[in-house]
Amino acid sequence: MSVVEIYCERIRDLLSDSPEQGEGLAVQQDRVRGIVIPGACELPVRSEGEVMRIIRLGLARRMVAATGMNAVSSRSHCVVLLRLRQALEDGCMLHSKLCLVDLAGARMLAATRRAVVSKRPLKLNACRAGSERQDRTHADSLTLDEGRMINKSLSAVSNVVCALTDGRSAHIPYRDSKLTRVLQAHSLFALLAPCCSTFLSRLTQ
C-alpha cells in the first residue's frame, strides 16, 4: 500500500523517510498496472491493523495549517492506494485495487455536491475561487493560495463526475488535476461526507 498527499498540485510520498525522494512525484500510465505513481513507497500489509498503522503514519505527516474555522485544517488531499492480491483455488492470482481519498478543505464541498446532483459542471472564477470564505478562515497569502488550489481540484472532481454521468460527454477531463488523474484507474466516485459546523453563523456550509 502507498499513502501520498496532493498539495497545491504537487504529489508527496507520506511514507518516505527522505523528503528529497518523496517530493514532486508524477502520475504515469503503465501498460500492465494502469495508473501509477513511480517513486512512491509501497509497503506490504497483511492485516487490518497494519493498514491502519500505515494510514496513521501517513496522516501524521500530512500538510496542515490553522485557519479561522479550524485549528488543524488539512491543506492537501490524502490518497491511500491499496493493491490487493488473492490466490484462487485454481492456482490463478486475482489482482484488484482500492483507492481511499480524504479531500482537503471544506469550502467547496457543498458546491461540488450540488453540481454532482444537478449534473452540471462546476464553474469557478479563478480569482475568487480561494477567497469565498476568506472572511471566516482569515486566510493569509499562503493559505489563500492553498485554498485556490483546493477549490480548483475539487472543481475538476465535480466536472469529471458530471462528464461520467451526463451520458453525452465524449471526453472525460481526468487530466485537469492530479487528483482526478490518480483516480482515473478506479471506479468513480467516492462518498462525500462533509463535516459541517452546528453554529448558526455557519449554517451556509
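Position numbers for residues start from 1 in each chain and track the written sequence from start to end. Where local features are concerned, this predicted model is filtered to residues with pLDDT of at least 70; where side-chain atom pairs are given and counted, the filter is 80 or more; whole-chain, interface and lining totals use all residues. Note that water and hydrogens are dropped before the side-chain values are worked out from all heavy atoms of the structure.

Visitor: Which residues make up a nonpolar patch on the surface, and what are the values?
Guide: Note that patches include only residues with greater than 30% relative accessible area and no salt bridge, and the join distances are 9 Å for like charges and 5 Å for nonpolar side chains (Val, Leu, Ile, Met, Phe, Trp, Tyr). Surface exposure here means Shrake-Rupley accessible area, sampled with a 1.4 Å probe, where a residue is shielded only by the protein chains that are shown. We define a salt bridge as a contact between a side-chain nitrogen of Lys or Arg and a carboxyl oxygen of Asp or Glu at a distance within 4 Å. A cluster of nonpolar side chains, Leu84, Leu98 and Leu100, forms an exposed patch at the surface whose accessible area comes to about 240 Å². Elements are defined by DSSP. Helices are runs of H or I of four residues or more, strands are runs of E of two residues or more, and each kind is numbered from the N terminus. Within the fold, leucine 84 resides in strand E7 (residues 77-87).

Visitor: Quick one: what's the story with the sheet that holds strand E1 (residues 2-7), residue by residue and with numbers?
Guide: Taken in spatial order, the four strands line up as E2-E1-E7-E8 in an open sheet, and their pairing is antiparallel. Looking at strand neighbours, the two that pair on one side only are strand E2 (10-13) and strand E8 (93-102), the edges of this open sheet. Averaged over all pairs of adjacent strands, the angle between their axes in this sheet comes to 25°, without regard to strand direction. Looking at chain direction, E1 and E7 are connected through five bridges and run antiparallel. Residue pairing across strands places isoleucine 6 opposite histidine 77, the latter belonging to E7. At least two DSSP bridges between two strands are needed for those strands to be called paired. Convention adopted: a line fitted to C-alpha atoms gives each axis, helices being fitted over their contacting stretch, and angles between N-to-C directions are expressed from 0 to 180 degrees.

Visitor: How would you summarise helix H2 (residues 48-60) if you had to cite specific residues and measurements?
Guide: For H2, spanning 13 residues, the distance from its first C-alpha to its last is 18 Å, which sits close to the expected 18 Å at 1.5 Å a residue. Within the sequence span of H2, burial applies to Val51, Ile54, Ile55 and Gly58. Across the axial projection of H2, the buried residues extend over an arc of 105°, all falling on one side. Away from its buried face by more than 90 degrees, H2 exposes Arg56 and Ala60. Throughout, a contact is declared for two residues whenever any of their heavy atoms are within 4.5 Å. Buried residues along H2 sit in contact with E1 and E7. Helix span is expected to be 1.5 Å times the residue number reduced by one. Each residue's exposure class comes from its accessible area (1.4 Å probe, protein chains only) as a fraction of the maximum for that residue type: buried when under 20%, exposed when over 50%, partly exposed otherwise. In this context, the arc is that of the directions from the helix axis out to the C-beta atoms.

Visitor: Can you tell me about the pairing of E2, naming the residues and giving the values?
Guide: In this sheet, E2 lies alongside E1 in antiparallel orientation, the contact comprising four bridges. Across the sheet, residue tyrosine 7 finds its bridge partner in E2, namely arginine 10.

Visitor: Can you break down the environment of leucine 59 residue by residue, with the values?
Guide: Along the chain, leucine 59 falls in helix H2. For leucine 59, a relative accessible area of 39% gives the class partly exposed. Taking C-alpha positions, leucine 59 is 8.5 Å from valine 3, a pair spaced 56 residues apart along the chain.

Visitor: Residue-level account of the environment of valine 51, with values.
Guide: Looking at the secondary structure, you find valine 51 in helix H2. Linking valine 51 and methionine 1, residues 50 residues apart in sequence, is a C-alpha distance of 7.9 Å. With near-sequence residues (within four places) excluded, valine 51 lies in contact with Met1, Val45 and Leu82.

Visitor: Describe the nonpolar core, and please don't skip the residues or the numbers.
Guide: Throughout this description, the term nonpolar core refers to a set of buried Ala, Val, Leu, Ile, Met, Phe, Trp, Tyr and Cys residues connected via side-chain atoms within 4.5 Å. Membership of the largest hydrophobic core comes to 20 residues, with the highest contact counts inside it found for Ile11, Ile37, Val79, Leu179 and Val182. For this core, the elements supplying multiple residues, two or more each, are E1, E7, helix H5 (141-165) and helix H6 (178-183). Take this core: its biggest share by element is four residues, from H5. Dropping the residues within four chain positions of it, isoleucine 11 is found in contact with Val4, Glu5, Ile6, Gly22, Glu23, Gly24, Leu25, Val27, Ile37, Lys178 and Val182.

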